[in-house]
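# Breakdown of the fold
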Amino acid sequence: MSDMIGEDLIKQASERIAPHVIRTPLVASAVLSDRCGTQVHLKLEHHQLTGSFKLRGAANAILQLNLMERQRGVIAASTGNHGRALSYAARAAGSHATICMSHLVPKNKVSEIRRLGATVRIVGSSQDDAQEDVERLAAEDGLCIIPPFDHPHIIAGQGTVGLEICEAMPRIATVLVPLSGGGLAAGVAAAVKALRPAAKVIGVSMDRGAAMKASLDAGHPVQVKEFRSLADSLGGGIGLANVWTYSMCKVLLDDVVLVTETEIAAGIRHAYQHEGEVVEGAGAVGIAALLSGKISRLDGPIAILLSGRNIDMTLHREIINGLNASRDTKCGP
Ligand SMILES: *Cc1c(COP(=O)(O)O)cnc(C)c1O
C-alpha cells in the first residue's frame, strides 16, 4: 500500500531523533515470563524524556520544520503527553508551542506543559473540542499544526520504538502496544512487520471509548463517547477524516484487545510491585492485557511496550494500596 509509512522513513526518523531521545532498555520480566511460560520482555519507554514515547514523534516532526516555521511556532491538541513532548521539543528547537487540551486532561500534565514554557489553552470537554480550537488558531496566527498521531512524521517517529525492539530481540514473536489514535501502534507495527514479518502486533485499548477498535469494527473511522479512565492518555477519537493511522492499523495489527479499569489498575500495581516501575494507566494496558488472560495465543518471546509514566502520584499511591475500586465506579462520562 502506498499510504503507509515504511521501514525507510522509520530508519531515517531514528537517525534524526537519536541525539534528542533516549534509547530505552528492553528488559526481561521474570515474573511475567514464569506466569506465561515464555519469555516476556518490557520495553521501558516510560523512561523516555518527558515521560512518554511521544517525544519521538514530536522531535521527528519539529526537526523537519524550516526556520520560518519554527519561528512562527507550533500548535497541537493533546491528552497531555503529546503536548508535553511537543513543548519540550519546541523549546529545544528554538520554537514555541501552543497546546489545546480538554478539561479531561489531568492537572499534573497541564502544569508540566506550562513549566516547559508552552501556551496552554483549556477548551471544552473532548479532544474534538480542543482540535477545533487548534484549527482556528493555526489559521489566525499561522502556527504549524503538529497532530498527536495522524501524521507521517509522527508515525515514523513512534515507529522507532518498534525498530529498537527488533534490534534488541530479532526473534520477537509478539508485541503488545497501547492503542489510542494509533500513531504508536501503526509505527511500531510497520517497523516490526518489516523486520520480522512473522511477528504479531496486538493493540491494547481501554474498554471505555476505544475509538480505533470501534472504527476497525465498523470498517471506517467512527466517533465514540469520551470517558474518564485510568488510561487518560488513551482518550479521544481517531478523527473522522483520519488519513494514515486507521488504514495502517487495519492492515498491520493482528488483533485489538480491550481492558477494563480494574485490569488497568492491576497492570499499574504489577508494574510497581513486581517490576519496580511507575507507569501511568495507558502505559500499563499491555501488562493488563497479559494478566487478564484475554490474549488467546501467547507466542514468545513477547515484548510489552510500557508507553508512559506521567501519572498523578496521589492516584498512583491509591491504586497501589488498592483504593481505586471506588474511583472505578465513579468513573463517569
Ligand atoms: C499517546 C499515548 C498512547 C497512545 O498513542 P497513540 O499513538 O495515540 O495510539 C499510549 N500511551 C501513552 C502513555 C500515550 O501518551
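These figures come from a predicted structure and were not determined experimentally. (Residues numbered from 1 in each chain as written. Predicted model: local features only at pLDDT ≥ 70, side-chain atom pairs only at ≥ 80, totals over all residues. Heavy atoms only, no water.)

### Looking at helix 12 (residues 261–275)
Heads up, the condition is: Numbered from the N terminus, helices here are DSSP runs of H or I no shorter than four residues, and strands are runs of E no shorter than two. One fewer than the residue count of a helix, multiplied by 1.5 Å, yields its expected span. In this scheme, a residue with accessible area under 20% of its type's maximum is buried, one over 50% is exposed, and one in between is partly exposed, where area comes from a 1.4 Å probe on protein chains only.
Taking 1.5 Å of rise per residue, the 15 residues of helix 12 would be expected to cover 21 Å, and the 20 Å separating its terminal C-alpha atoms lies within 8% of that figure. Inspection of helix 12 places Glu261, Glu263, Ile264, Ala265, Gly267, Ile268, His270, Ala271 and Glu275 among the buried residues, and these make up the whole buried set. Once helix 12 finishes, Gly276 follows within two positions and takes phi at roughly 70°, a positive value.

### As for the packing of helix 1 (residues 7–17) against helix 9 (residues 183–195)
Applied cut-off: Angular values range over 0 to 180 degrees, each being the angle between N-to-C directions of two axes fitted as lines to C-alpha atoms, with helices fitted over their stretch in contact. An angle below 35 degrees is treated as roughly parallel, one above 145 as roughly antiparallel, one from 65 to 115 as roughly perpendicular, and anything else as oblique. Here a crossing is called left-handed whenever its near helix is offset anticlockwise from the far helix by less than a right angle, and right-handed whenever the offset is clockwise. Note on contacts: a residue pair is in contact if any heavy atoms of the two residues lie within 4.5 Å. Each residue is assigned to one of three groups, with Ala, Val, Leu, Ile, Met, Phe, Trp, Tyr, Cys and Pro labelled nonpolar, Asp, Glu, Lys and Arg labelled charged, and all others, Gly among them, labelled polar.
Interaxial distance between helix 1 and helix 9 falls to 9 Å at its minimum, and their mutual angle equals 110°. In this view, helix 1 runs roughly perpendicular relative to helix 9, as classed from their interaxial angle. In the packing of helix 1 onto helix 9, the handedness of the crossing is left-handed. Touching Glu7, Ile10 and Lys11 of helix 1 are Gly187, Ala190, Ala191, Ala194 and Leu195, all from helix 9. Split by residue class, the contact of helix 1 with helix 9 holds five nonpolar, one polar and two charged.

### Comments concerning the pairing of strand 3 (residues 74–77)
Note the following rule: Strands are treated as partners if at least two bridges between them are detected by DSSP. When the strands point away from the viewer and the path from the first strand over the helix to the second turns clockwise, the crossover is right-handed.
Here strand 3 shows a buried face lined by Val74 and Ala76 and a second buried face lined by Ile75 and Ala77. Examined bridge by bridge, strand 3 and strand 4 (residues 97–101) share four bridges and lie parallel to one another. What sits directly across from Val74, in strand 4, is Ala97. Assessed by its sense of winding, the connection that carries the chain from strand 3 through helix 5 (residues 81–92) to strand 4 is right-handed. In terms of strand pairing, strand 3 meets strand 6 (residues 144–145) through two bridges, oriented parallel. Each residue of the ladder has a partner; that of Val74, found in strand 6, is Cys144.

### A few points about the sheet that holds strand 5 (residues 119–122)
Read across the open sheet, the four strands follow the order 5-4-3-6; overall the sheet is parallel. Single-partner strands in this sheet number two, and they are strand 5 and strand 6. Of the strands in this sheet, strand 4 and strand 5 are in contact with helix 6 (residues 107–115), which crosses strand 5 at around 150°. Against the sheet, helix 7 (residues 127–141) touches strand 3, strand 4, strand 5 and strand 6, its axis set at about 160° to strand 3.

### Thoughts on the site of the ligand
This is how the line gets drawn: Residue proximity to a molecule or strand is established when one non-hydrogen atom of the residue lies within 4 Å of it. Between N or O atoms, a polar contact is any pair within 3.5 Å; within protein, one atom must be a potential hydrogen donor and the other a potential acceptor, and residues adjacent in sequence are included only when both atoms are from side chains. Here, Shrake-Rupley sampling with a 1.4 Å probe gives the accessible areas, and only protein chains in the shown set may cover a residue.
Contacts to the ligand come from 16 residues, most closely from Lys54, Asn81, Ser180, Gly182 and Ser307. Measuring from an oxygen atom of the ligand, one finds a side-chain N or O atom of Asn81 at 2.8 Å. A distance of 2.7 Å is found between an oxygen atom of the ligand and a backbone nitrogen or oxygen belonging to Gly182. Protein contacts shield 98% of the accessible area of the ligand, which totals 380 Å² for the unbound molecule. For the shell around the ligand, the residue count by class is six nonpolar, eight polar and two charged.

### Observations regarding the sheet that holds strand 9 (residues 255–259)
Within a sheet, adjacent strands bond to each other through the backbone by hydrogen bonds, running parallel or antiparallel. Across the sheet, which stays open at both edges, the six strands sit in the order 1-2-10-7-8-9 with mixed pairing between neighbours. The open sheet is flanked by strand 1 (26–28) and strand 9, the only strands paired with a single partner. In this sheet, adjacent strand axes meet at a mean angle of 25° when their direction is disregarded. Pairing between strand 7 (residues 174–178) and strand 10 (residues 302–305): three bridges, direction parallel. Within strand 10, the position partnered with Leu176 by the bridge is Ile304. Relative to strand 7, helix 9 is tilted by about 165°, and along the sheet it contacts strand 7, strand 8 (200–206) and strand 10. Each of strand 2 (40–43), strand 8 and strand 9 touches helix 12; the most contacted strand, strand 9, lies at about 90° to it.

That is the geometry; function is a separate question.
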